[in-house]
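# Analysis of the macromolecular model
Each chain, written out:
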Amino acid sequence: MARIQIPRIAPSEITPEPVWQARRVWLRQMGMGAVALGAASVPGMPWAAAAEKPALPATPNPQYWLSEKPTSEKDVTGYNNFYEFGTGKTDPRDRSGRFQTRPWTVTVEGEVAKPRTFDIDDLLKLAPMEERIYRLRCVEAWSMVIPWIGYSLSALLDQVQPTSKAKFIEFTTAAQPDTMPGLRSRIIDWPYVEALRLDEAMHPLTMLVFGVYGKMLPNQNGAPLRVAIPWKYGFKSGKSIVRIRLLETMPETSWVKIAPNEYGFYANVNPDVDHPRWSQATERRIGASFLAPRVETMMFNGYAEQVASLYQGMDLNRYY
Ligand code: MTE
């Protein structure tokens, strides 16, 4: 009988090395903790699953509408990277129920004429809510198609008026030790920080996201607000943002700090530049059958026409 070859990829091949190394140490420590403290310290035990959120009405924007079938809501909200809640793909869904998303403010400061702290309820009213279908391509070589709700980040930046010195924008995300079990592991020097060049942030595709699948963002997807930069690997899209800083010089971001040879500042999706430990030429669409062929990864994740000009003259092998 002919045998069907199902491609098998070891977790160590696609998981960022610092993560699986830290996971081993963490599991060892938790094992010792469980012996010392009893069952209460078994990982996952005290944490609650995230609840569904209320509806968030939005108008579809046909300019940003893919014909591809969106990934199911179950997968979009159940297969996540949000290390503050753990490194397992279902940890964010299963352990983010205690995360506090109200009250919530976002401070915008640095090289801006009008620094300001925004309340989340004011941000929800700042510009009309649009629904846009974007591709999300993770550096781990899987992808999704997601119906986000929000508006262009430029609407917020126009309010604070970046000065002529502002060249970069830094996003600092929440760190709530009492509600985020993942903060106990030292994979990342918390809080998680990401950044963009200012022209990338001002591009209309760069979206401030408040909802998904017709509802306010579930905690596991970055409630109450995150960014989505569809032509970059998913790790650039910081979740649960609390501070935005406009800067003259390039800031140090979390993943660049951990492994600069593996994760660059730009992190543009590029099938021609491999990760040092795996190829970036193809991707696995989450939710597709195990036997379905892998999808070819597109330059700038399919958004080259809109964004390639931002990188004109740059050596993308060097500025990965
Ligand atoms: N933001 C924070 N604060 N913490 C994280 O661990 N993971 C990133 C990004 N934003 C991450 C984060 C990565 S690696 C990806 S692929 C996307 O979130 C995943 O977004 P999603 O789970 O909503 O699909």
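Our subject is the structure that appears above.
In what follows, the accompanying structure is described. This one's a predicted model, so the numbers in the text were calculated from it and none came from an experiment. (Residues numbered from 1 in each chain as written. Predicted model: local features only at pLDDT ≥ 70, side-chain atom pairs only at ≥ 80, totals over all residues. Heavy atoms only, no water.)

On to the pattern of salt bridges. In this structure the tally under the stated criterion is 19 salt bridges. Note that Glu-73 is salt-bridged to Lys-215, the shortest N-O span being 2.6 Å. Placement of Glu-73 in helix H3 (residues 73-76) and of Lys-215 in strand E9 (residues 215-216) is noted, with a sequence separation of 142 residues between them. Judged by relative accessible area, which is 30%, Glu-73 ranks as partly exposed. Between Glu-130 and Arg-132 there is a salt bridge whose closest N-O contact spans 2.8 Å. (Salt bridge = Lys/Arg side-chain N within 4 Å of Asp/Glu carboxyl O. Helix = DSSP H or I, 4+ residues; strand = E, 2+ residues; numbered from the N terminus. Buried < 20%, exposed > 50% of the residue type's maximum accessible area, 1.4 Å probe, protein only.)

In the vicinity of the ligand lie 16 residues, with Asn-80, Tyr-83, Glu-84, Ser-237 and Lys-239 positioned nearest. Thr-173 has a polar side-chain atom sitting 3.3 Å from a nitrogen atom of the ligand. Coverage of the ligand by the protein chains reaches 98% of its 540 Å² of free accessible surface. Partitioning the shell around the ligand into residue classes produces 6 nonpolar, 7 polar and 3 charged. (Near = heavy atom within 4 Å. Polar contact = N/O pair within 3.5 Å; in protein donor to acceptor, adjacent residues only side chain to side chain. Areas by Shrake-Rupley, 256 points an atom, 1.4 Å probe, with all protein chains shown as cover. Nonpolar A, V, L, I, M, F, W, Y, C, P; charged D, E, K, R; others polar.)

Attention now moves to the sheet that holds strand E7 (residues 193-197). Within a beta sheet, neighbouring strands are joined by backbone hydrogen bonds and run either parallel or antiparallel to one another. Ordered by their spatial adjacency, 5 strands build an open sheet running E3-E2-E11-E6-E7, and the pairing between neighbours is mixed. Two strands lie at the open edges of the sheet, namely strand E3 (116-119) and E7, each paired on one side alone. Each neighbouring strand pair of the sheet contributes to a mean axis angle of 15°, computed without reference to strand direction. Pairing of strand E6 (residues 168-173) with strand E11 (residues 241-247), which is carried by 6 bridges, proceeds in the antiparallel orientation. Residue pairing for E11: Phe-171 is matched across the bridge by Ile-244. (Pairing = 2+ DSSP bridges. Axes fitted to C-alpha atoms, helices over the stretch in contact; angles between N-to-C directions.)

Let us look at the environment of Ile-286. As for its position among the elements, Ile-286 is in the loop between strand E12 (282-285) and strand E13 (295-296). Considered as a pair, Ile-286 and Trp-142 are 144 residues apart in the sequence and their alpha carbons are 6.5 Å apart.

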